[in-house]
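# Tertiary structure, described
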Amino acid sequence: MMLFIKILVIVYILAVNCYAFSLMSIQKNQANNINNKRKITDGKILLSGTLGGALGVYISTFILKYRRDSLFIMVLMPILFAINLFIVISAFTSGFWLR
């Protein structure tokens, strides 16, 4: 049962990071297209980073070469990544799943 939960958490983290990366990619494409009225807001990016996709957002800024001058992403996303990593590691090491 413990192995199943670990695999489930790893799959969740990977899925959220892929979603966050695709959000940044879509936002970059929408920034180039002026006629598009539906835009991805920074709130969605912040929410995906908070839910575990901070590393995906941070890596996408360098791969896509988009929003590297944004203080919001360059400072907040590494902090959120450290918090996410701390929560996952502390949950696994404390036996939190077994109680």
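Just so we're clear, the structure is a prediction, and the values are computed from it rather than from any experiment. Numbering of residues starts from 1 in every chain and runs along the sequence as written. Per-residue local features of the predicted model are confined to residues with pLDDT of at least 70, and side-chain atom pairs are confined, for both listing and counting, to 80 or more; whole-chain, interface and lining totals are unaffected and use all residues. Side-chain measures were taken over the full set of non-hydrogen atoms in the model, leaving aside hydrogen atoms and water.

## A short note on the side chain of Gln-27
Positionally, Gln-27 belongs in helix α1 (residues 2-32). Note on exposure labels: buried denotes an accessible area under 20% of the residue type's maximum, exposed denotes more than 50%, and partly exposed covers the range between, all computed with a 1.4 Å probe on protein chains only. Residue Gln-27 is classed as buried on the basis of its relative accessible area, which comes to 9%. In the analysis that follows, any N or O atom pair within 3.5 Å is treated as a polar contact, provided that within protein one partner can donate a hydrogen and the other can accept it, and provided that, for residues neighboring in sequence, both atoms belong to side chains. A polar atom in the side chain of Gln-27 sits 3.1 Å from the backbone oxygen of Ile-40. Aside from chain neighbours lying at most four places away, what touches Gln-27 is Ile-40, Thr-41, Asp-42, Ile-45, Tyr-66 and Arg-67. Secondary structure elements follow DSSP: runs of H or I of four or more residues count as helices, runs of E of two or more count as strands, with numbering from the N terminus. Pairs of residues are marked as contacts when any of their non-hydrogen atoms sit within 4.5 Å.

## Brief notes about the nonpolar core
In a soluble, globular protein the nonpolar side chains are often hidden away together inside. Residues Ala-20, Leu-23, Met-24, Ile-40, Ile-45, Ala-54, Val-57, Leu-64, Tyr-66, Ile-73, Met-77 and Leu-80 constitute the largest nonpolar core, which totals 12 residues. If you list the elements that add at least two residues to this core, you get α1, α2 (42-63) and α3 (71-93). Once you skip the residues sitting within four places of it in the chain, Leu-80 turns out to touch Leu-46, Gly-49, Thr-50 and Ala-54. We define a nonpolar core as any set of buried Ala, Val, Leu, Ile, Met, Phe, Trp, Tyr and Cys residues linked to one another through side-chain atoms lying within 4.5 Å.

## Examining the confidence of the model for the protein chain
pLDDT measures how confident the predictor is about each residue, on a scale from 0 to 100. Mean pLDDT for the protein chain: 87, with 94% of residues reaching 70 or above. α2 holds the highest mean pLDDT among the elements of the protein chain, 92, whereas α1 holds the lowest, 89.

## Description of the packing of α1 against α2
How two helices pack is summed up by the angle between their axes together with the distance between the axes. Convention adopted: a line fitted to C-alpha atoms gives each axis, helices being fitted over their contacting stretch, and angles between N-to-C directions are expressed from 0 to 180 degrees. Between α1 and α2, whose axes approach to 7 Å, the crossing angle comes to 75°. Taken together, the axes of α1 and α2 lie roughly perpendicular to each other. Under the convention adopted here, Pro, Cys and the residues Ala, Val, Leu, Ile, Met, Phe, Trp and Tyr are nonpolar, Asp, Glu, Lys and Arg are charged, and Gly plus all remaining residues are polar. Partitioning the contact of α1 with α2 into residue classes produces 14 nonpolar, eight polar and two charged. Orientation labels follow simple angle bins: below 35 degrees gives roughly parallel, above 145 gives roughly antiparallel, 65 to 115 gives roughly perpendicular, and whatever is left gives oblique.

## Concerning the environment of Ser-25
Relative to the helices and strands, Ser-25 is located in helix α1. Under the relative-accessibility criterion, Ser-25 is labelled partly exposed at 23%. Each C-alpha atom, one on Ser-25 and one on Met-74, is 16 Å from the other, the two residues being 49 residues apart in sequence.

## With respect to the packing of α1 against α3
Two elements in contact, α1 and α3, have axes whose closest approach is 12 Å; the angle formed by their N-to-C orientations is 170°. Comparing their axes, α3 and α1 come out roughly antiparallel. In this structure, α1 contributes Met-2, Lys-6, Val-9, Ile-13 and Met-24 to the contact, and α3 contributes Ile-73, Val-88 and Phe-92. Per-class residue counts for the contact of α1 with α3 are seven nonpolar, no polar and one charged.

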